[in-house]
Amino acid sequence: MTERRAESATAVTLVLEVPEWPGHLAGQHVDIRLTAEDGYSTQRSYSIASAPDGTRLELTVQRVLGGEVSPYLVDELMPGDQLELRGPVGGWFVWQPEQQEPVLLVAGGSGLVPLMCMIRSRRAAGSRVPFRALYSLRSPAELLYGPEIRQGTPGVDVTHIYTREGPQQSVRPPGRITPDDLARHGWPPDFAPTCYVCGPTAFVEKAAAYLVLLGHDPERVRTERFGGGED
Amino acid sequence: MAIISRGFHGRRPPAGRKLPPGQYETTGFPVLSAGPTPWISTDKWELSVTTETGRRHSWDWTALTKLPSETPTADLHCVTKWSKFGTRWQGVSLDVLLADVETAAEYVLVSSYGGYTTNLPLEDLLDGKAWIAYGYDGRPLAPEHGGPARLLVPHLYLWKSAKWVHGLELRENDTPGFWESAGYHNYGDPWQEQRYRGD
Ligand SMILES: Cc1cc2nc3c(=O)[nH]c(=O)nc-3n(C[C@H](O)[C@H](O)[C@H](O)COP(=O)(O)OP(=O)(O)OC[C@H]3O[C@@H](n4cnc5c(N)ncnc54)[C@H](O)[C@@H]3O)c2cc1C
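Model, not experiment: these values are computed from the prediction.

Draft legend 1. Seen up close, the pattern of salt bridges. Across all of its chains, the model carries 23 salt bridges over all chains by this definition. Put simply, B:R6 and A:D81 hold a salt bridge, and the shortest N to O gap is 2.5 Å. With B:R6 in the segment before β1 (24-25) and A:D81 in the loop between α1 (70-76) and β6 (84-89), this residue pair bridges two chains. The exposure class of B:R6 is partly exposed, given its relative accessible area of 42%. We classify A:D81 as buried; its relative accessible area is 15%. With a closest N to O distance of 2.7 Å, B:R171 and B:E169 form a salt bridge. On the basis of relative accessibility, which here comes to 25%, the residue B:R171 falls in the partly exposed class. Of the residues examined, B:E169 reaches a relative accessible area of 33% and is grouped as partly exposed. Shared partners join several salt bridges into a network, and the residues in it are A:E3, A:R5, A:E7, A:R56 and A:E58.

Draft legend 2. Quick peek at the interface of chain A and chain B. Counting from both sides, the interface comprises 40 residues of chain A and, opposite them, 37 residues of chain B. Interface area, chain A with chain B, both sides summed: about 3,200 Å², of which 50% is carbon and sulfur. Interface area lost by chain A to chain B is led by A:Y40, A:W92 and A:R225, which between them contribute 16%. For the pair chain A and chain B, the interface holds five salt bridges. When the shortest N-O distance is used, the salt bridge between A:R86 and B:D199 registers 2.8 Å. Connecting chain A to chain B are 20 residue pairs in polar contact (both at pLDDT 80 or more). At the level of secondary structure, the elements contributing two or more residues to the side of chain A that touches chain B comprise β3 (29-35), β4 (41-47), α1, β6, α5 (201-213) and β11 (221-225) of chain A. No other element matches the five residues that β3(A) contributes to the side of chain A that touches chain B. Along the lines of polarity and charge, the residues of the side of chain A that touches chain B split into 13 nonpolar, 11 polar and 16 charged.

Draft legend 3. Local environment of the sheet that holds β6(A). Residues and elements named next belong to chain A. One open sheet holds the three strands; their spatial order is β4-β3-β6, and the pairing between them is antiparallel. Either end of the sheet is taken by a strand with one partner, and the two such strands are β4 and β6. Shown here is a sheet whose adjacent strand axes are inclined to one another by a mean of 20 degrees, direction ignored.

Draft legend 4. Expanded view of the environment of B:P148. All names here are of chain B. Secondary-structure assignment places P148 in the loop between β9 (139-140) and β10 (150-152). By relative accessible area, P148 is classed as buried at 10%. Distance in space between the C-alpha atoms of P148 and K163 is 8.8 Å, their sequence separation being 15 residues. Those residues in contact with P148 that sit more than four places away from it in its chain are I40, T42, W45, W61, A133, Y134 and L141.

Draft legend 5. Looking closely at the layout of surface pockets. Residues and elements named next belong to chain A. Size it by volume and the second largest pocket reaches roughly 210 Å³. Looking at the second largest pocket, the residues that line it are T159, H160, Y162, Q169, S170, V171, R172, D181, R184 and H185. Counting only elements with at least two residues in the lining of the second largest pocket, the list comes to β9 (156-162) and α4 (179-185). Of the residues belonging to the lining of the second largest pocket, the class tally is two nonpolar, five polar and three charged.

Draft legend 6. Looking closely at the pairing of strand β4 (residues 73-77) of chain B. Residue and element names in this part refer to chain B. Relative to strand β5 (residues 82-93), β4 runs antiparallel, the two being bridged by four bridges. Bridged to H77 within β5 is S83. Between the antiparallel neighbours β4 and β5 lie four residues, among them K81 with a positive phi of about 95 degrees.

Draft legend 7. Representation of the UniProt feature "domain: Oxidoreductase molybdopterin-binding" (unreviewed entry) in chain B within the structure. In the numbering used here, UniProt assigns the feature "domain: Oxidoreductase molybdopterin-binding" (unreviewed entry) to residues 35-179 of chain B. Regarding residues 35-179 of chain B, the helix share stands at 8% and the strand share at 39%, and the terminal C-alpha atoms are separated by 13 Å.

Draft legend 8. How the structure looks around the environment of B:S181. Residues and elements named next belong to chain B. Looking at the secondary structure, you find S181 in helix α3 (residues 178-181). Taking the C-alpha atoms as reference points, S181 and G91, separated by 90 residues in sequence, lie 29 Å from one another. Those residues in contact with S181 that lie beyond four places of it in its chain are P176 and R197.

Draft legend 9. Representation of the packing of aromatic side chains in the model. All names here are of chain B. A full pass over the atoms with the stated rule returns 17 aromatic pairs over all chains. Ring centres 5.1 Å apart and planes at 55 degrees place the aromatic pair F29 and Y136 in the tilted group. With a gap of 107 residues between them, F29 in the loop between β1 and β2 (46-50) and Y136 in strand β8 (residues 131-136) connect regions that are remote in the sequence. The exposure class assigned to Y136 is buried, which follows from its relative accessible area of 16%.

Draft legend 10. Main features of the site of the ligand. Lining the immediate surroundings of the ligand are 25 residues, of which A:S45, A:Y46, A:V69, A:S70 and B:R11 lie closest. More than one chain lines the surroundings of the ligand; the residues nearby belong to chains A and B. Contact distances for the ligand include 2.6 Å between an oxygen atom and a side-chain N or O atom of A:S70. B:R11 is positioned with one of its side-chain polar atoms (N or O) 2.7 Å from an oxygen atom of the ligand.

Draft legend 11. Summary view of the domain arrangement of chain A. Residues and elements named next belong to chain A. Examined at the domain level, chain A breaks down into domain 1 (3-89) and domain 2 (103-226). When each unit is reduced to the centre of its C-alpha atoms, the spacing between domain 1 and domain 2 is 23 Å. Between domain 1 and domain 2, the residue contacts involve 18 residues of the former and 16 residues of the latter. Summing both sides of the interface, domain 1 and domain 2 together bury roughly 1,200 Å²; the carbon and sulfur share of this comes to 57%. Here domain 1 and domain 2 share zero salt bridges between them. If you look at where domain 1 meets domain 2, you find three residue pairs in polar contact (both at pLDDT 80 or more). Going through the elements one at a time, β2 (11-17) and β5 (56-62) are the ones with two or more residues in the side of domain 1 that touches domain 2. Residue contributions to the side of domain 1 that touches domain 2 peak at three residues, all from β5. Along the lines of polarity and charge, the residues of the side of domain 1 that touches domain 2 split into seven nonpolar, nine polar and two charged.

Reading the values: the criteria
- Residues numbered from 1 in each chain as written.
- Chains lettered and ligands numbered in written order.
- Predicted model: local features only at pLDDT ≥ 70, side-chain atom pairs only at ≥ 80, totals over all residues.
- Heavy atoms only, no water.
- Salt bridge = Lys/Arg side-chain N within 4 Å of Asp/Glu carboxyl O.
- Helix = DSSP H or I, 4+ residues; strand = E, 2+ residues; numbered from the N terminus.
- Buried < 20%, exposed > 50% of the residue type's maximum accessible area, 1.4 Å probe, protein only.
- Contact = heavy atoms within 4.5 Å.
- Buried area = accessible area lost by both parts, 1.4 Å probe.
- Polar contact = N/O pair within 3.5 Å; in protein donor to acceptor, adjacent residues only side chain to side chain.
- Nonpolar A, V, L, I, M, F, W, Y, C, P; charged D, E, K, R; others polar.
- Pairing = 2+ DSSP bridges.
- Axes fitted to C-alpha atoms, helices over the stretch in contact; angles between N-to-C directions.
- 1 Å grid on protein atoms, 1.4 Å probe; cavity = no way out; pocket = protein on both sides within 12 Å on 5 of 7 lines; lining within 4 Å.
- Points joined across faces, edges and corners; volume = space filled by probe spheres on them.
- UniProt positions renumbered as here; feature names shortened; annotations may be inferred.
- Phe/Tyr/Trp six-rings, centres within 6.5 Å; stacked < 30°, edge-to-face > 60°.
- Near = heavy atom within 4 Å.
- Domains from an automatic or database assignment.

Structure (structure tokens):
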């Protein structure tokens, strides 16, 4: 790891230098393996945040309280430390610059990470396919990639949905994502967008079901469930 | 060759639990699927088995639930690294469903409502190793976990246990399913850590 960047009070971006990295597609993840001194080891998946860029790779990790791996990555891992990783992994939850159809991104919390990779890859590839994104987060303090999102990208519309507390100027009262949010800020189903839905499992279950209810073809709704909330 | 993670201690599984390599234990029941959860009413539900000669056997919901069922307890191992011990199921053994099916096929391509597919050798479904499960923990199986019915093949990574199972095609040749075509291992034995192609 060469660098760490705080993204919010609970998330950091880890910048990795990976010799022989073969490149990746937007939406793919890596498996990280941590090993203790006595040989005990455990693995978790983390999505790639950065557009393909040689041997440099960025991951963004959100701290899950009481978690085994994420607090270590967020709080303990320091530049110069080595990390064992495997990847890129995943061939379904991916966006490729050759795709011509409009794209709808629906992110809950850290589910933004692979979707940000899609936005960044679109920009890097010079694609002009229109993107719309709905980004659900608890409060402005949890915002990931704030400056980059505020700066904006032509052809990418991002709508923030605050579930607990919104900024002062926001008109929408705080609350979980609704079918109305998706209808208002997404694409009409007859535009046949590919929809990418990512975040905590419960969020993905809801948002994906709403998209199908609104008339999107289930085959065009791709999901990545990060876990959480299932106990 | 492992890199020691400076200052990492980790959370060990309770003594006596044996985890496959690279897995960790969860007490929750995570959900993994590639798309939205389909909702299938049991009125319209059907399971079919088609042999390599095209002969088709099928069961509707009433027929399935009338067959003798078993209540296996199984440890689940998901390729996304979690394992869940001692899960309790109710379902019909594939030995029962395939008892009258004449076949010399060696492979099965399983397909689900919603379009999912997965492949496995037929012998992995026989001899008390696999069920069509419709009950979980004393209740009907919930849609996000594959209800009304899913395949349960607990000795392989959980993606082989197709949710919303709809059809089994017995084939002479092996045909890769959804994840198997997307870079995952063709067989998926968690004890050999066969996660991805080439493992
Ligand atoms: C394909 C894939 C890609 C992923 N990409 C990212 C990513 O880019 N950034 C990222 O931060 N995470 C990502 N995750 C989630 C990540 O893999 C871990 O599950 C997460 O960091 C928690 O691990 P832990 O060891 O800290 O917690 P654990 O010790 O595994 O769990 C501790 C407790 O937290 C709960 N929990 C587990 N996961 C979550 C969660 N996501 N949200 C809330 N509660 C949870 C568990 O139910 C448990 O009760 C991804 C997961 C998958 C499957």
